[in-house]
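As a plain string of letters, each chain reads:
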Amino acid sequence: MATTEKMSKNTSPTHWEGEIPVNYIYTYGLAGEAFFRAVKDKGTFLGARCDACDITFVPPKIYCDRCFEELKKFIDVGTVGYVDTFTVSFKNMDGSDKTRPRILAMIKIEGTDGGIIHYLEGIGIEEVALGLPVQAIFKPKNQRKGGIEDILGFEPLKR
Amino acid sequence: MDLDTCELGGTPLKSSDFEKCKVLTTEWKPNLGYAWDNGVAIGRYLAELKEGRIIARVCHECHRIMLPPRMFCELCFRPTDEWAYVEDTGVVNTFSIARVNWDASRRGPKEPPLMPAVIEIDGATKGMGIMHMLGEVDPDDVTIGMKVRAVWKKPEDRTGAITDILYFKPIRAAAPKKAAAGRKR
């Protein structure tokens, strides 16, 4: 018996369910704060410019990760970019089916070295192509709270 | 942003900065649900609780009657040998008077303090016992060594959980005969 004791009925093993109630409040940091203030108040994106390295970071950061110089210059980089890479998601985080597939893409912001990961909207899965020019779409200004959800996604650039 | 930057380079934040929305935030509650495999010993232990019994496990090497039960003796380093029912009475080994809830929120003035205690269960080896709550007792009257008895949920309400015992209450002077008699195993 004992550790060699076999359970003979497959209904015998039982388990105990629980959950760990944890929640948190995340602050974006100095550069992130500036970035989301710009999204909230102006509907645009900020980048951080390192002139020495000729790099424009999007989203902005407070240090250049190449030369470690402090970055004080946050510049408006606009909301236009292109699809760098993408994937299609059919499932929610809990594993349930999405009501519609969502396209998630890394959008490189035009004229910068950085980008933003967000939804692609207004385009079918078959139509998405790497290099596709896109622009950001925002919630109406009075609904913005200062966070990534202020951005609804990116849609094909209207020329 | 109108925030003080301290000499070390950090940005101190006060509660008021959050309350007045001086700082942007994102809130999140991760899903941390889990299922814990009860195993053979705790599985039987919980099933017996549903029947209103407390069961322990015996090691024939060290002769300990272990509660909660386990299939392996951590002292002898060998499998345990048999099941044994123990009493639903015991003595308070240690206790605490808690005026805060599990999440550190304060209990109201009319809510009695919580009294979690380790109960050494009669029939198990000395020192063996379970953590549970004390009830039907004034916090000032709780003492180490106090004799207590389990107060069970009604059979139809039991689910096979440690909470099938509601709490342990003191064995009053009127009831010692019953306690001494014990239950047939």
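Scroll up a little and you will see the structure.
None of these values were measured; they are calculated from a predicted model.

S.K.: For this particular structure, what's the right way to read the pairing of strand β3 (residues 54–58) of chain B?
M.R.: Along a regular strand, successive side chains alternate from one face of the sheet to the other. All names here are of chain B. In this structure, β3 lies alongside strand β7 (residues 82–86), joined through five bridges in antiparallel fashion. Bridging from a neighbouring strand, Ile55 pairs with Tyr85 of β7. By the bridge criterion, two bridges tie β3 to strand β4 (residues 65–66) in an arrangement that is antiparallel. For Val58, the partnering residue across the bridge sits in β4 and is Ile65.

S.K.: It is not clear to me how the sheet that holds strand β9 (residues 116–121) of chain B should be interpreted in this structure. Could you clarify?
M.R.: The pairing of strands in a sheet happens through backbone hydrogen bonds and is either parallel or antiparallel. Residue and element names in this part refer to chain B. Read across the sheet, five strands follow the order β10-β9-β8-β11-β12 without closing on themselves; strand pairing throughout is antiparallel. Of all strands in the sheet, those bounded by a partner on one side alone are β10 (129–133) and β12 (165–170). Strand-to-strand twist of the sheet, defined as the mean angle between neighbouring strand axes without regard to direction, takes the value 45°. Relative to strand β11 (residues 147–152), strand β8 (residues 89–95) runs antiparallel, the two being bridged by three bridges. Of the residues in β11, the one forming a bridge with Gly90 is Val148.

S.K.: I would appreciate a short explanation of the interface of chain A and chain B in the present structure.
M.R.: Quite often, the size of an interface is put as the accessible area lost when its parts meet. Each side of the interface is counted separately: chain A has 28 residues, and chain B has 27 residues. Put simply, the parts of the chain that give the side of chain A that touches chain B at least two residues each are β1 (15–19), β2 (24–27) and α1 (29–42) of chain A. It is β1 of chain A that provides the largest number of residues to the side of chain A that touches chain B, a total of five residues. Both β2 of chain A and strand β1 (residues 25–28) of chain B contribute to a ladder of four bridges, which runs antiparallel. Bridge pairing in β1 of chain B links Thr27 of chain A to Thr25 of chain B.

S.K.: Help me out: how do you make sense of the sheet that holds strand β3 (residues 46–50) of chain A in this one?
M.R.: All names here are of chain A. A sheet is described by the order of its strands in space; here three strands give the open sequence β4-β3-β5, paired in antiparallel fashion. Pairing within the sheet leaves two strands with one partner each, and these edge strands are β4 (55–57) and β5 (74–76). Direction aside, neighbouring strands of the sheet carry axes that sit 40° apart on average. Judged from the three bridges that link them, β3 and β4 form a sheet pairing that is antiparallel.

S.K.: What's the story with the nonpolar core in this structure? I'm lost.
M.R.: Formed by 27 residues in total, the largest nonpolar core has its most connected members in Leu67, Val86, Ile119, Ile121 and Leu134 of chain B. Of all elements in the fold, only α2 (39–50), β3, β4, β8, β9, β11 and β12 of chain B reach the threshold of two or more residues within this core. Element by element, the count of residues in this core is highest for α2 of chain B, at four residues. In this structure, Leu134 of chain B is in contact with Phe95, Met115, Ala117, Val142, Val148, Tyr167 and Phe168 of chain B, ignoring residues within four places of it in sequence. The next biggest cluster of nonpolar side chains, apart from the first, holds 22 residues, and it includes Phe45, Phe57, Val83 and Ala105 of chain A.

S.K.: How should I be thinking about the environment of Leu120 of chain A in this particular structure?
M.R.: All names here are of chain A. Looking at the secondary structure, you find Leu120 in strand β8 (residues 115–120). Considered as a pair, Leu120 and Val83 are 37 residues apart in the sequence and their alpha carbons are 9.1 Å apart. In this structure, Leu120 is in contact with Phe86, Ile103, Ala105, Val128, Val134, Gly153 and Phe154, ignoring residues within four places of it in sequence.

S.K.: Sorry, what's going on with α1 of chain A here?
M.R.: Three or four residues apart is the spacing at which side chains of an α-helix point the same way, because the helix has 3.6 residues per turn. All names here are of chain A. In a regular helix each residue adds 1.5 Å, so 14 residues correspond to 20 Å; α1 covers 19 Å between its end C-alpha atoms and thus fits that length. Inspection of α1 places Gly32, Glu33, Phe35, Phe36 and Val39 among the buried residues, and these make up the whole buried set. All buried residues of α1 project into a common sector of 165° when viewed along the axis, lining one side. Opposite the buried face of α1, by more than 90 degrees, sit the exposed residues Asp41 and Lys42. Elements in contact with the buried residues of α1: β3 and β10 (151–156). Just downstream of α1, Gly43 is the residue with a positive phi angle, here 65°.

S.K.: How should the environment of Thr85 of chain A be read in this particular structure?
M.R.: Positionally, Thr85 of chain A belongs in strand β6 (residues 80–91). In sequence terms Thr85 of chain A and Ala105 of chain A are 20 residues apart; their C-alpha atoms lie 5.6 Å from each other.

S.K.: Sorry, what's going on with the environment of Leu152 of chain A here?
M.R.: Residue and element names in this part refer to chain A. For Leu152, the position within the fold is in strand β10. On a C-alpha basis, the gap between Leu152 and Tyr119 in space is 7.3 Å, while along the polypeptide they are 33 residues apart. Here Leu152 is in contact with Glu121, Ile137, Phe138 and Lys139, once residues within four sequence places are set aside.

Procedures and definitions
Residues numbered from 1 in each chain as written. Chains lettered and ligands numbered in written order. Predicted model: local features only at pLDDT ≥ 70, side-chain atom pairs only at ≥ 80, totals over all residues. Pairing = 2+ DSSP bridges. Helix = DSSP H or I, 4+ residues; strand = E, 2+ residues; numbered from the N terminus. Axes fitted to C-alpha atoms, helices over the stretch in contact; angles between N-to-C directions. Contact = placed C-beta atoms within 7 Å. Core = buried A, V, L, I, M, F, W, Y, C linked by C-beta atoms within 7 Å. Buried ≥ 20, exposed ≤ 12 C-beta atoms within 10 Å, placed from the backbone. Expected span 1.5 Å × (residues − 1). Arc of directions from axis to C-beta.

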